[in-house]
Amino acid sequence: MVKTGVLLVNLGTPDSPSVPDVRKYLREFLMDERVIDIPFLNRWLLVNLIIAPFRAPKSAKIYQEVWLTNGSPLKVYGLSNEKVLGEELGSEYVVRLAMRYQNPSIPAVLAEMEKMNLKKIIVIPFFPQYASATSGSVHQKVMETVKTWQNIPEIVFAGDFYKHPMLVQGFADNAAKFLQNNSYEHYVFSYHGLPERQTVKAHHGKTCSELGCEEGITEQNYACYKAQCFETTRLLAEKLGLSKEMYTTCFQSRLGKEVWIQPYTEDVVKELAGKGIKKVLAFSPAFVADCLETTIEVGEEYKEMFIELGGEQWDLVESLNDTPIWIELLKDLVKTYDQPSVFR
């Protein structure tokens, strides 16, 4: 039987929470020209002489906090997704997990797939909203890897699923247990940030303000990361029955001093506390698996800031991780992108 391959790709993780492994991971991650899009020499000096040496020890301590008994959360949940999705899809498919950075690497997993004589490979980046630094980097790495194959099968990249009904329902379901016993005054939807210049490049020179990216999806901004984040929030708020004044979309994880897309989550936290808001429910809908940016940054650091500023309660809704609805979403993506060619 000629099979279809399914390549699940998440960002990546160190092999261990040790300082050397974290430093190695940071160097590979941040040297990606799509992540830090500045000239190579400047990027090399910044990453290897400043960021990696000084950030690795701090990051290693944080990784130790989230590390599970059987490994990094991203890898543990990813391998669970690989196993369960493979069982759900059946013998016509081969499902494999890869990481954009570190292990299991995209080249290593694709080398295994090359030997299987697959008729098609469906690549599913684990990023609901498209960004050059995430989905775009995965696309580039896959294409760079397969270009040397003698026989290149059909390669299909699953598109952005930021508005997929199961994504929205999955986060709403995870929020239900908090909403059953609590009454929140405000809801925060925090997404990973990007340098503002990257969205301008994606818009071919125009800004998000010029294209109305906070207002809705249009023909001009449909591929904009910020526009897709705001649309994800709108759909989730609609599902949860929230009025506009009850929620805020914001962006976290800034690196360096340049301008990133706004509003910044830390500023929103301060603003809410300043207004006397006491109870907040937070979401991280850019992440399908819990990690440092969800568990620690949103779940602990912003909570600590909010409490110190006078807030009383800050709860974080879990990511989709390995929930049944996430597996169903992945299965739906596979079936959608595995439409047979009329010539085969």
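Above this text is the structure in question.
Since the structure is predicted, the reported quantities are computational estimates derived from the model, not experimental observations.

Rules and cut-offs
- Residues numbered from 1 in each chain as written.
- Predicted model: local features only at pLDDT ≥ 70, side-chain atom pairs only at ≥ 80, totals over all residues.
- Heavy atoms only, no water.
- Helix = DSSP H or I, 4+ residues; strand = E, 2+ residues; numbered from the N terminus.
- Rg over C-alpha atoms; globule rule 2.2 N^0.38 Å.
- Buried < 20%, exposed > 50% of the residue type's maximum accessible area, 1.4 Å probe, protein only.
- Contact = heavy atoms within 4.5 Å.
- Areas by Shrake-Rupley, 256 points an atom, 1.4 Å probe, with all protein chains shown as cover.
- Core = buried A, V, L, I, M, F, W, Y, C linked by side-chain atoms within 4.5 Å.
- Phe/Tyr/Trp six-rings, centres within 6.5 Å; stacked < 30°, edge-to-face > 60°.
- Pairing = 2+ DSSP bridges.
- Axes fitted to C-alpha atoms, helices over the stretch in contact; angles between N-to-C directions.
- Parallel < 35°, antiparallel > 145°, perpendicular 65-115°, else oblique.
- Nonpolar A, V, L, I, M, F, W, Y, C, P; charged D, E, K, R; others polar.
- Patch = residues over 30% accessible without salt bridge, like charges linked within 9 Å, V, L, I, M, F, W, Y side chains within 5 Å.
- Salt bridge = Lys/Arg side-chain N within 4 Å of Asp/Glu carboxyl O.
- Lys, Arg positive; Asp, Glu negative; His and termini not counted.
- Charge placed at Lys NZ, Arg CZ, Asp CG, Glu CD.

Student: Explanation requested: the overall build of the protein chain in the structure shown.
Tutor: Counting its secondary structure elements, the protein chain contains 12 helices and 8 strands. For 344 residues, the compact-globule formula gives about 20 Å, and the C-alpha radius of gyration of the protein chain, at 20 Å, lands near that figure. The C-alpha extent of the protein chain, read off along each of the three principal axes, is 65 × 45 × 45 Å. Residues classed as buried in the protein chain amount to 52% of the 344 residues present. In the protein chain, of all internal contacts separated by at least 6 residues, the share reaching a separation of at least 24 is 76%. For the protein chain, the exposed area adds up to about 16300 Å²; of that, 52% sits on carbon and sulfur atoms.

Student: Just to check I follow, could you spell out the nonpolar core for this structure?
Tutor: Grouped burial of nonpolar side chains is what soluble globular proteins tend to show. Val6, Leu7, Leu110, Ile124 and Tyr225 are the most contacted members of the largest nonpolar core, which has 86 residues in total. In this structure, Val6 is in contact with Leu85, Leu89, Tyr93, Val94, Val95, Arg96, Met113, Ile122, Ile124 and Val334, ignoring residues within four places of it in sequence.

Student: Where do I start with the packing of aromatic side chains in this structure?
Tutor: How two aromatic rings sit relative to each other is given by the distance of their centres and the angle of their planes. The final tally for this structure, using the stated rule, is 11 aromatic pairs. Summarising the aromatic geometry, the rings of Tyr25 and Phe29 are spaced 5.8 Å apart at their centres and angled 20° between planes, so their arrangement reads as stacked. Taken as a pair, Tyr25 and Phe29 lie in helix H1 (residues 19-30) at a separation of 4 residues, close to a single helical turn. The class of Tyr25 is buried, set by a relative accessible area of 4%. The class of Phe29 is buried, set by a relative accessible area of 18%.

Student: Sorry, what's going on with unusual backbone geometry here?
Tutor: The step from Asn103 to Pro104 runs through a cis peptide bond, and the omega angle for that step is -5°. With an omega of 5°, the peptide bond between Gln262 and Pro263 qualifies as cis. In this structure, Asn117 takes a positive phi of about 55° despite not being glycine. In this fold, Asn117 is placed in the loop between helix H4 (106-114) and strand S3 (120-125).

Student: Can you help me understand the sheet that holds S3 in this one?
Tutor: Hydrogen bonds between backbone groups are what pair the strands of a sheet, and the pairing can be parallel or antiparallel. In space, the 4 strands of this open sheet follow the order S2-S1-S3-S4, with parallel pairing throughout. The open sheet terminates on both sides in strands that have one partner only, identified here as strand S2 (93-101) and strand S4 (154-157). Averaged over all neighbouring strand pairs, the angle between strand axes comes to 25°, with direction disregarded. In this structure, strand S1 (residues 4-12) lies alongside S2, joined through 8 bridges in parallel fashion. Of the residues in S2, the one forming a bridge with Leu8 is Leu97. Each of S1 and S2 is contacted by H1, which is oriented at about 95° to S2, the strand it contacts most. The strands that helix H12 (residues 324-337) touches are S1, S2, S3 and S4; relative to S3, the one it contacts most, it runs at about 140°.

Student: Which parts of the structure should I look at to understand the packing of helix H6 (residues 165-179) against H12?
Tutor: Describing two packed helices takes the angle between their axes plus the distance from one axis to the other. Where H6 contacts H12, the two axes come as close as 9 Å, and the packing angle between them is 175°. In terms of their interaxial angle, H6 and H12 are classed as roughly antiparallel. Along the contact surface, H6 presents Met166, Leu167, Gln169, Gly170 and Asp173, while H12 presents Ile325, Glu328, Leu329 and Asp332. Looking at the contact of H6 with H12 residue by residue, the class counts come to 4 nonpolar, 2 polar and 3 charged.

Student: Could you clarify how one ought to interpret the packing of helix H2 (residues 40-66) against helix H11 (residues 292-308) in this entry?
Tutor: Running from N to C, H2 and H11 point in directions that differ by 95°, and their axes come no closer than 10 Å. Between H2 and H11, the interaxial angle falls into the category roughly perpendicular. Contacts between H2 and H11 involve Ile62, Tyr63, Glu65 and Val66 from the first element and Leu292, Thr295, Ile296 and Glu300 from the second.

Student: Please explain a negative patch on the surface as it appears in this structure.
Tutor: Together, Glu65, Glu300, Glu301, Glu304 and Glu308 make up a negatively charged patch on the protein surface. In terms of residue count, H11 provides more of the negative patch than any other element does, 4 residues in total. Tracing the sequence through the fold places Glu65 in helix H2.

None of the figures reported here should be taken as evidence of function without further support.
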